[in-house]
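Below are the chains, spelled out letter by letter.
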Amino acid sequence: MKIGYPCINLTVDCRGNQTFRLKSYSEKKLSLTVENNLNCLLKMLQFNVKNNILFFRITSDLIPFAPHPVCKFDWLTHFKDQFAYIGSYVKKNSIRISMHPGQYIVLNTPIQSILDNSIADLLYHVDVLDAMELDTSAKIQVHVGGVYGNKEMSITRFCARYRDLPEKIRRRLIIENDDRSYSFSNCLEIHEELGIPILFDSLHHELKNEGESIQNAIAMFSRTWKIQDGVPMADYSHRRKKGAPYGHVDTLNSNYFKLFLEQTKPYDIDIMLEIKDKERSALKAIKVAWNDKRLIKAENVD
DNA sequence: CCCTGTCAAGTCACG
DNA sequence: CGTGACTTGACAGGG
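Below or above, wherever it landed, is the structure these notes cover. In this text, all values refer to a predicted model and were calculated from it rather than measured experimentally.

Definitions and limits used
Residues numbered from 1 in each chain as written. Chains lettered and ligands numbered in written order. Predicted model: local features only at pLDDT ≥ 70, side-chain atom pairs only at ≥ 80, totals over all residues. Heavy atoms only, no water. Helix = DSSP H or I, 4+ residues; strand = E, 2+ residues; numbered from the N terminus. Rg over C-alpha atoms; globule rule 2.2 N^0.38 Å. Buried < 20%, exposed > 50% of the residue type's maximum accessible area, 1.4 Å probe, protein only. Contact = heavy atoms within 4.5 Å. Areas by Shrake-Rupley, 256 points an atom, 1.4 Å probe, with all protein chains shown as cover. Lys, Arg positive; Asp, Glu negative; His and termini not counted. Charge placed at Lys NZ, Arg CZ, Asp CG, Glu CD. Near = heavy atom within 4 Å. Polar contact = N/O pair within 3.5 Å; in protein donor to acceptor, adjacent residues only side chain to side chain. Nonpolar A, V, L, I, M, F, W, Y, C, P; charged D, E, K, R; others polar. Disulfide = S-S within 2.5 Å. Pairing = 2+ DSSP bridges. Axes fitted to C-alpha atoms, helices over the stretch in contact; angles between N-to-C directions. Phe/Tyr/Trp six-rings, centres within 6.5 Å; stacked < 30°, edge-to-face > 60°. Lys NZ or Arg CZ within 6 Å of the ring centre and 35° of its normal. Core = buried A, V, L, I, M, F, W, Y, C linked by side-chain atoms within 4.5 Å.

### Re the overall build of chain A
The number of helices and strands found in chain A is 11 helices and eight strands. For chain A, the C-alpha radius of gyration of 19 Å lies close to 19 Å, the compact-globule estimate for 302 residues. Burial status across chain A gives 54% buried among its 302 residues. Counting contacts in chain A only where the partners sit at least 6 residues apart, residues at least 24 apart contribute 78% of the total. When the accessible area of chain A is evaluated, it comes to approximately 14,000 Å², of which 51% is carbon and sulfur surface. Looking at chain A, you have 41 positive and 37 negative side-chain charges, and the mean spots of the two groups are 4 Å apart.

### Let's talk about the protein's contact with DNA strand B
Among the 13 residues in the neighbourhood of DNA strand B, the closest are listed as Arg21, Leu22, Tyr104, Val147 and Tyr148. Counting only the atoms of DNA strand B that lie within 4 Å of the protein, the sugar and phosphate share comes to 46%. Within the side chain of Thr109, an N or O atom sits 3.1 Å from a phosphate oxygen of DNA strand B. For DNA strand B, a phosphate oxygen lies 2.4 Å from a polar atom in the backbone of Val147. For the surface near DNA strand B, the class distribution of residues is six nonpolar, four polar and three charged.

### Comments concerning the environment of Phe20
With respect to the helices, strands and loops of the structure, Phe20 is situated in the loop between β1 (3-6) and α1 (27-50). Its relative accessible area of 7% is what places Phe20 among the buried residues. A C-alpha to C-alpha distance of 8.6 Å links Phe20 and Leu30, two positions 10 residues apart in sequence. Here Phe20 is in contact with Tyr25, Lys29, Leu30, Thr33, Pro64 and Phe65, once residues within four sequence places are set aside.

### Focus on the state of the cysteines
Applying the stated criterion across every chain, the model contains one disulfide. Covalent S-S linkage joins Cys14 and Cys40, the inter-sulfur distance amounting to 2.1 Å. Judged by the sign of its S-S torsion, about 80 degrees, the cystine formed by Cys14 and Cys40 is right-handed. Residue Cys14 is located in the loop between β1 and α1, and its partner Cys40 is located in helix α1; the two are separated by 26 residues in the primary sequence. With respect to class, Cys14 is no different from Cys40; both count as buried.

### Quick word on the sheet that holds β1
The strand order around the closed barrel built from eight strands is β1-β2-β3-β4-β5-β6-β7-β8, with neighbouring strands paired in parallel fashion. Each strand of the sheet is rotated relative to its neighbour by a mean of 30 degrees, with strand direction disregarded. Pairing of strand β5 (residues 173-176) with strand β6 (residues 198-201) involves two bridges; the strand directions are parallel. Of the residues in β6, the one forming a bridge with Ile175 is Ile198. The strands that helix α11 (residues 279-289) touches are β1 and β8 (270-273); relative to β1, the one it contacts most, it runs at about 165 degrees.

### Some points on the packing of aromatic side chains
Here the distance between the centres and the angle between the planes together describe a pair of aromatic rings. Under the definition given, this model contains 12 aromatic pairs. Each ring, one from Phe184 and one from Phe200, has its centre 5.6 Å from the other, and the planes form 90 degrees; the classification is edge-to-face. One end of the pair, Phe184, is in helix α7 (residues 184-194); the other, Phe200, is in strand β6, and 16 residues separate them in sequence. In terms of burial, Phe184 and Phe200 fall into one category: buried. Here the aromatic cluster, defined as three or more aromatic residues joined through ring pairs, consists of Phe20, Tyr25 and Phe65. Over the ring of Tyr182 we find Lys151; its NZ or CZ atom is 5.5 Å from the centre of that ring. Lying over the aromatic face of Trp290, Lys297 brings its terminal NZ or CZ to 4.1 Å of the ring centre.

### Side note on the nonpolar core
Core analysis: the largest hydrophobic core is formed by 93 residues, its most contacted members being Ile63, Trp75, Phe83, Ile97, Leu173, Phe257 and Ile271. Looking at which element gives the most residues to this core, the answer is α1, with 10 residues. Those residues in contact with Ile271, other than ones at most four positions away along the chain, are Met1, Lys2, Ile3, Gly4, Phe55, Ala234, Tyr236, Phe257, Phe260 and Leu261.

If you want it as structure tokens, here you go:
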């Protein structure tokens, strides 16, 4: 078990998700921004290793506009060495990596141009992970997509689209249950069809489910991951208090998290904390999990 | 320096 | 029909 947080670290003195407006695009600006973002990514990873945080989600803003037609810059070649260096740091320290592209990736869209853009965007995410030379346990998580008034047809369309994807996307792609359209059991149905792993989101499941307990859901989603996919990933968050409206909480409630750890035993999972105060909650969570036999401890290799 | 309207992109719920 | 929410607010121009 590894514990992590997404994209941004509030303690280090840099920001790894720097971007800019499309109208101010220039190759120079892109290059400087990427250089900053890569340097900061390494700093955040180093902070994490020092603090036993061995799971991290890399921001989609790492290379702003990478999948956009405006971008003609060969960033993969230009930053090849930096990517390889960060990748080697990740591997030496056994850091688990994920990425979560935005809501604009919709594989089951009926519109061809949206599909094309979605695939271009997924290829960008794949390029980042491939440039770091990470194995197939580094995942890209997406939601199933739209319903378009007919969920079964939309699921069928998702499956057809998935089968047509290039292998280098398929081996990294995983689906996440959402809180509105596609529940955990809908994801299971897709898994049965495709073998695609499911990322379990605890808060989404709380908000939309078919009555499965956490324990049951954990048991079922764990089985959707093969050896080469690595340890099953879960997103964890909770509400402010019982019955409170949705919205990411400001900081982790240690008691709720402790309960979640108990509910997920004996399954090994990597847990991403989707909580506003980022690494601070990750540190709290690691404290809570410290005596849990599942927790992996960092070794600190430069 | 601080404030705030706006930001590349899709879908859906809500008023 | 317009707006907000979503995986993460933050850019950038105006005062």
